[in-house]
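Here are the chains, one letter per residue:
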Amino acid sequence: MDQTLAENAVFRTQAVTKVYETGEVRVVALDGVDLTLHAGELTVLLGPSGSGKSTLLNILGGLDHASEGRVWFKDLELTKLNERALTRFRRDHVGFVFQFYNLVASLSARENVALVTDIAPNPMSPEEALDIVGLGHRMNHFPAELSGGEQQRVAIARAIAKRPEVLLCDEPTGALDSKTGVQVLEALDRINKDLGTTTAIITHAAEIRKMAHRVIRFQDGRIVSIEHNETRLTPSEIEW
Amino acid sequence: MRALEKKLIRDLLRLWSQGLAIALVLGCGVAIFLMSYGMFTALTETRAAYYERNRFAEVFASLRRAPQSLMPEIAAIEGVYAVETRVKGSAILDLPGQVESAVGQFISLPASGEPRLNLPLLRSGRFPDVQSDDEVMVNEPFAIANGYVPGDTLMANLNGQKRVLTITGTALSPEFIYTIGPGDMMPDNQGYGILWMSEPAMAAAFDMDGAFNDVSLQLRRHARSDDVIDRLDDLLDPFGGLGAHDRVQQQSHAFIDGELKQLQSMAYVLPPVFLGITIFLVNMVIGRIVALDRSEIGLLKAIGYSNLEVSLHYLALAVAIALIGTLLGILVGTWMARGLAELYATFFSFPYLIFAVRPDIYIIATALGLTTASLGAIQSALSAARLPPAVAMSPPAPPNYQSSMIDRLLLRARPSQRTMMVLRNIMRWPLRAGLTMLGIALAVAVLVASLFFEDTLEELIDSAFYSTNRQDVMLILTQEVNSDALEDIRRLPGVLQVEPAQMHGAILRNGHLEKRVGIEGRPATADLARILDQDGKVVAAPANGLLLSTRLASQLAIGVGDPLTVEFLTGQRETHVVNVAGIVTSYIGLPAYMEDTALDRLMRRSSTFSYANLTLDPAKEQEFHAAIKDLPRLAGTVMIADTLEAFEETIEQNINISMVVYIVIAVLITVGVTYNSARIQLSERARDLASLRILGFTKTEVSFILIGEIAFLALLAQPIGWLLGAGLATAMIAGFESDLYSIPLVLSRDTFALSSVVVLAAAAASTLLVRRRLDRLNLIEVMKTRE
Ligand SMILES: Nc1ncnc2c1ncn2[C@@H]1O[C@H](COP(=O)(O)OP(=O)(O)OP(=O)(O)O)[C@@H](O)[C@H]1O
Ligand SMILES: [Mg+2]
């Protein structure tokens, strides 16, 4: 690992292990993961179901604890933080996008975004965030009145409204068709480019890897390969 | 407004019907607390202030006659702070323009300025002049009932002499907050008055020159009233003392105490029931919301809301419901308190009404409401806080239905799949099913414990009037007279039948237990005033021994055949040992009976009587009333029909009001519990039910699953409710019991049936409301949303 990259590291993990013990069964979800995500980088995480992608993303985002190993966000060692400090960390630095949007049904698009801007230290306005994902004109609509793709873009607006340093997306297009998925990916790509947000995207659509700076493949809780894309495609050039 | 706060408000609006159902139950508890506890404190404080300012005595005694020179000896009793000796007497009043005579209780006012104790509070006019012998001050309720103002006159039969008396003023007294004439069951302000007259005039009218027949004492701070009473009894004994007593046996005080006791037990019993149900309902509803909001909770945490913020959000939901409920409760409670205050105003005569509920009671009521809701929500709020964000984002594991022993037993009965769904759900949430059932059972119990009163009072009236007191009039004499005088009464116009009777104050003793009662002497052949035994059979007053009423026998811990020491307070004040001849039923007072001739024999004297029971020819009632106004030695009359009418009227009114209140309460509990239960059911099983509909089950078949569980629990709740209700009724009756009266426990099948009908109807109505939602269930939407 060369010096400049190390300085640029946003996330760094060292031998991260996650073990779930449910009754008799012991599931090793992560089995010694060493990984670095760099500032401004767009990474795509691939791997079969159950290979530990979500688990890793949750640990990076401070939603879950590693069983063993260490995780840093810049100079902050996440594995040493307590619940309260992790909450603080999420509030200040991380944006999440989930497969099932997870919008609050009783709040309009703008209000869903406001959930974040209410508590973030230096947010953009909800309107601005919705404009970025191209939904400024739909901001007073409730989730039930929006299509799946539109809901996901609201979720993205909500994730970026706080100007997070990192954006963690777990199967953001998983519930969408290819055409709608492209709109979502375009929003993510633009944010990565314009705001320089470090972005990690989990996906099952292997084609999406073509828009990434780097592609990381998982299998059985381990990283099996990391490849750099010399040339990247724009989302509109991708189809799956 | 912050987005999270908007979510709160929208959640509230979405939940309005469930929230309202809970708020109503909570409001009911708050209202009853406010009314009963508020009135309890108001009445206690009003009475205490009144007693203090008007120097209400602490020890009271009546006697036949003692010289004024005895007073310093009474004052010298250790622990006595102040003594007031008075002359008291009663007389028939002839009120101008009225057919029926009234009874006046005359009380002397000291010649030397204002009374030291039991100070009357002047309401209008002035005190009677010390020098005059025809001026009286009357109690205000009597004046109001008869339309008297100062300057008016009335006539009184004082020691056989008809006198015209001028009313100089009206007053109230702490001695007569509750006023009831001798032999009456209800206050009769028109027919019974208190008349204050100056002492010299009283002494002349009642032959009490230089003497007194009534003593009141105020005690020093740490004096023991029992000791003082014993010493006073010793002093008064040679002068025909009738036994001193403290406030507990003072009539007015005892009645207010009884009312206070009822208010207090109401404040301690009913509100906790409502608050308990509220806790359960809030717990159920907020628990369900937290379960539904699972992924939203995860999201809130993922984007940086702290555990505290998240749990406060759900707590706030409960608190908002509580605020609405508390507000409703405070409004209704204030209104009910005002109604109760008005009711009291007709029974009790307080000069000033501190009947407004104290502000701090409102604060306590609010705190109670908020605490209750918070207690209900705390568990769910904490579980929301504990939910790790990563787990919250994934759907919950399907509930763990397991094949249990009971399950396998049930399967033997080969129920339908849908019955199985109902039964499994009950077993899956046994605590919730149990509490739902308990809630419905409590509603039934509340109804049973209020509806039974109707039958009970019917029994009481039947026992106290139709079966026992079958006379039209009781004539009460000022003293015992020879039986010859019976002829004078028989000759009064309109009199059909006459029965003499005697009344003797006496102390009954069995070992260390003693009780001051009145022993009634009646002819063995008495047919108007009859005695019923415990089986309801008529029994004659015994020639040998004494008949005791059940409560008297149990207070003295004595049974049939046991010897009892009787210390008569009348005549020669002899003490005799008499056997208990039998035990009889009586709901009013603590009577003891003996044949009149046996009493005469015991006291070795010729035949006498002190009151008479008569039947009248209704056509000659007017002439009868005119005639008795001039009858010498008459202390009072009781018209049984009037008494019964007054009793029934008052009771009827109160019963009707309280019946409506209790039905409302029971309906609120039922609706609160069943509506919320059904809504939760619907919410939890919407997917199951929608799947069944998609599979081709009809709406009716599907709603069976929803309604089945509630119906099953509601039916199961009935017998439990009956049992609880019977227990509650028994406890209430025990609470009502005093020396003044007791109430029989009559639980009829109708009471149980009506209670169940009301509760089941309310349960059915609220379940059907939820069923309508099921009919409108959008199948596609339900299946589409991710739970
Ligand atoms: N809460 C849990 N309890 C027990 N095991 C779990 C839990 N969460 C995840 N696992 C297990 O950990 C392993 C990794 O899960 P993870 O969700 O990270 O997989 P994934 O790569 O995201 O799969 P997918 O592509 O299907 O989302 C799986 O075997 C899963 O069963
Ligand atoms: Mg995953």
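Residues numbered from 1 in each chain as written. Chains lettered and ligands numbered in written order. Predicted model: local features only at pLDDT ≥ 70, side-chain atom pairs only at ≥ 80, totals over all residues. Heavy atoms only, no water.

Enquirer: So what about the overall build of chain B? Which residues, and what values?
Expert: Helix and strand counts for chain B come out as 22 helices and 22 strands. Across its three principal axes, chain B shows a C-alpha extent of roughly 100 × 55 × 50 Å. Taking all contacts inside chain B whose residues are at least 6 apart in sequence as the whole, residues at least 24 apart take part in 83%. Side chains of chain B give 65 positive and 80 negative charges; the mean places of these two sets differ by 16 Å. (Helix = DSSP H or I, 4+ residues; strand = E, 2+ residues; numbered from the N terminus. Contact = heavy atoms within 4.5 Å. Lys, Arg positive; Asp, Glu negative; His and termini not counted. Charge placed at Lys NZ, Arg CZ, Asp CG, Glu CD.)

Enquirer: Describe the pairing of strand β3 (residues 42-46) of chain A, naming the residues involved and giving the relevant values.
Expert: Note on strand geometry: in a regular strand, side chains alternate between the two faces of the sheet. All names here are of chain A. Summarising burial for β3: five of the five residues are buried, a large majority. Burial along β3 is two-sided: the face carrying Leu42, Val44 and Leu46 and the face carrying Thr43 and Leu45 are both buried. Pairing between β3 and strand β8 (residues 198-202): four bridges, direction parallel. Within β8, the position partnered with Val44 by the bridge is Ile201. Note that β3 and strand β9 (residues 214-219) share four bridges and pair parallel. Looking across to β9, one finds that Leu45 is bridged to Ile216. (Buried < 20%, exposed > 50% of the residue type's maximum accessible area, 1.4 Å probe, protein only. Pairing = 2+ DSSP bridges.)

Enquirer: Explain the interface of chain B and chain A to me, using residue names and the numbers behind them.
Expert: Contact with chain B, which involves 23 residues of that partner, is made by 26 residues of chain A. In terms of surface lost to chain A, no three residues of chain B exceed B:Arg10, B:Leu299 and B:Ile303, which account for 25% of the buried area on that side. Where chain B touches chain A, the interface holds three salt bridges. For the interface between chain B and chain A, the tally reads eight residue pairs in polar contact (both at pLDDT 80 or more). Among the secondary structure elements, those contributing two or more residues to the side of chain B that touches chain A are α1 (3-14), α8 (294-302), α9 (307-347) and α11 (389-393) of chain B. A breakdown of the residues in the side of chain B that touches chain A according to their chemical character gives 10 nonpolar, four polar and nine charged. (Buried area = accessible area lost by both parts, 1.4 Å probe. Salt bridge = Lys/Arg side-chain N within 4 Å of Asp/Glu carboxyl O. Polar contact = N/O pair within 3.5 Å; in protein donor to acceptor, adjacent residues only side chain to side chain. Nonpolar A, V, L, I, M, F, W, Y, C, P; charged D, E, K, R; others polar.)

Enquirer: Describe in detail the sheet that holds strand β10 (residues 222-228) of chain A, supporting the description with residues and values.
Expert: All names here are of chain A. Read from one edge of the open sheet, six strands run β6-β7-β8-β3-β9-β10, paired in mixed fashion. The open sheet has two free edges, formed respectively by β6 (94-97) and β10, since each of these has just one partner strand. Averaged over all pairs of adjacent strands, the angle between their axes in this sheet comes to 15 degrees, without regard to strand direction. One ladder, built from four bridges, connects β6 with strand β7 (residues 166-170); its direction is parallel. Bridged to Val97 within β7 is Cys169. Its contacts with the sheet put helix α6 (residues 148-160) on β6 and β7, and the angle it makes with β6 is roughly 170 degrees. (Axes fitted to C-alpha atoms, helices over the stretch in contact; angles between N-to-C directions.)

Enquirer: Describe the site of ligand 1, listing the residues and the values that go with them.
Expert: All names here are of chain A. Near ligand 1 lie 13 residues; those nearest to it are Ser49, Gly50, Ser54, Thr55 and His204. A distance of 2.6 Å is found between an oxygen atom of ligand 1 and a side-chain nitrogen or oxygen belonging to Ser54. The contact in question runs from an oxygen atom of ligand 1 to an N or O atom on the side chain of Glu171, over 3.3 Å. Considered on its own, ligand 1 offers 630 Å² of accessible surface; in the complex 66% of this is hidden by protein. (Near = heavy atom within 4 Å. Areas by Shrake-Rupley, 256 points an atom, 1.4 Å probe, with all protein chains shown as cover.)

Enquirer: Before we move on, can you summarise the packing of aromatic side chains with the specific residues and values?
Expert: The tally for this structure, following the rule as stated, stands at 16 aromatic pairs over all chains. Relative to B:Phe453, the ring of B:Phe452 has its centre 4.9 Å away and its plane inclined at 40 degrees; by these criteria the two rings are tilted. For the pair formed by B:Phe452 and B:Phe453, the shared burial category is buried. These aromatic residues form a ring-pair network of at least three members: B:Tyr178, B:Phe255, B:Tyr344 and B:Phe348. In this structure, A:Arg12 is placed above the aromatic ring of A:Trp72, and the distance from its NZ or CZ to the ring centre is 4.3 Å. (Phe/Tyr/Trp six-rings, centres within 6.5 Å; stacked < 30°, edge-to-face > 60°. Lys NZ or Arg CZ within 6 Å of the ring centre and 35° of its normal.)

Enquirer: Help me get a handle on the sheet that holds strand β11 (residues 245-246) of chain B, residues and values and all.
Expert: Within a beta sheet, neighbouring strands are joined by backbone hydrogen bonds and run either parallel or antiparallel to one another. Residues and elements named next belong to chain B. An order of β2-β10-β1-β11 is seen for the four strands of this open sheet, with the pairing classed as antiparallel. Each edge of the sheet is formed by a strand with only one pairing partner; in this case those strands are β2 (80-86) and β11. The pairing of strand β1 (residues 59-67) with strand β10 (residues 211-219) spans six bridges and is antiparallel. Residue pairing for β10: Pro67 is matched across the bridge by Ala211.

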